[in-house]
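Each chain, letter by letter, is given below.
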Amino acid sequence: HGSSSGNAKTGVILLSNPLTTKDHYMHSAVLQNLTLSMDTGTNGGLLNASGQFMSGYKPVIEANTVTADVTAADFLATNRGTIFDITTHTFGGSAVTIKSFSLTIENPATRIGYQGSVGECDGYTRASALKVTGSISMKADSTVQGFLESIWQANATAAVVMENSAAASGFSFSLPAVNMSSFS
């Protein structure tokens, strides 16, 4: 609370309301979890992101004059990143055909302390470790069938690499040591 350094790791969420005096402004918001997913059969294969924010403070409900930055380029079609744009798909160093994947990162915060007469949060605390889970669906060819013994049953880790080599996209996922907890 009240940090003046540039190291603050919180954000501001603004929900604009058509009733201009009822905009909801949530300050000091902490991202609790983030899920990134792509599926060939959903939303044209586009990368989808969803997450949950938490704030230990009451939202401020009032007219807010913040407007969108019209000089910033929107998410350009050439940079959107779809599962079809990915030119490299490897699992355990072997080329695979990926239908879908999902990756969830969790690092929940808990509010601590109270300050002021309104009892707002005095700060946040986080657990010591991130939790990263995910799933991936691949074509069940002979390469993938070999993972059943060489990776899953051997309790070994494998690297997952998905990237687009085109410079315009710069789209890349690289998970160097993934442990498989199930195989179906």
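Just above sits the structure.
Residues numbered from 1 in each chain as written. Predicted model: local features only at pLDDT ≥ 70, side-chain atom pairs only at ≥ 80, totals over all residues. Heavy atoms only, no water.

## Topic: the overall build of the chain
Right, so step 1: Of regular secondary structure, the chain possesses one helix and 12 strands.
Right, so step 2: Counting across all 184 residues of the chain, residues that qualify as buried make up 23%.
Right, so step 3: Long-range contacts, defined here as pairs at least 24 residues apart, represent 62% of the contacts in the chain between residues at least 6 apart.
Right, so step 4: Taken as a whole, the chain presents about 11,800 Å² of accessible surface, with 54% of it coming from carbon and sulfur. (Helix = DSSP H or I, 4+ residues; strand = E, 2+ residues; numbered from the N terminus. Buried < 20%, exposed > 50% of the residue type's maximum accessible area, 1.4 Å probe, protein only. Contact = heavy atoms within 4.5 Å. Areas by Shrake-Rupley, 256 points an atom, 1.4 Å probe, with all protein chains shown as cover.)

## A look at the nonpolar core
Right, so step 1: Grouped together as the largest cluster of nonpolar side chains are 19 residues, with contacts concentrated most on Phe91, Val96, Met138, Phe147, Met162 and Phe173.
Right, so step 2: If we skip the residues at most four places from it in the chain, Met162 touches Ile86, Thr88, Ile98, Phe101, Ile136, Phe171, Ser172 and Phe173. (Core = buried A, V, L, I, M, F, W, Y, C linked by side-chain atoms within 4.5 Å.)

## Details of the pairing of strand 9 (residues 120–126)
Right, so step 1: Bridging between strand 8 (residues 109–115) and strand 9 involves six bridges; their strand directions are antiparallel. When the sheet's bridge partners are listed, Tyr114 is paired in strand 9 with Cys121. (Pairing = 2+ DSSP bridges.)

## Focus on helix 1 (residues 142–153)
Right, so step 1: Across its 12 residues, helix 1 extends 16 Å between first and last C-alpha, which sits within 8% of the 16 Å expected from 1.5 Å per residue.
Right, so step 2: Within helix 1 the residues assigned to the buried category are Val144, Phe147 and Ile151. Projected onto a plane normal to the axis of helix 1, the buried residues spread over an arc of 45° and lie on a single side. For helix 1, exposure combined with an orientation more than 90 degrees from the buried face picks out Ser142, Glu149 and Gln153.
Right, so step 3: On the buried face of helix 1, the contacting elements are strand 5 (88–91), strand 6 (94–95), strand 10 (131–138) and strand 11 (157–163).
Right, so step 4: Asn155, located one to two residues past helix 1, shows a positive phi value of around 55°. (Expected span 1.5 Å × (residues − 1). Arc of directions from axis to C-beta.)

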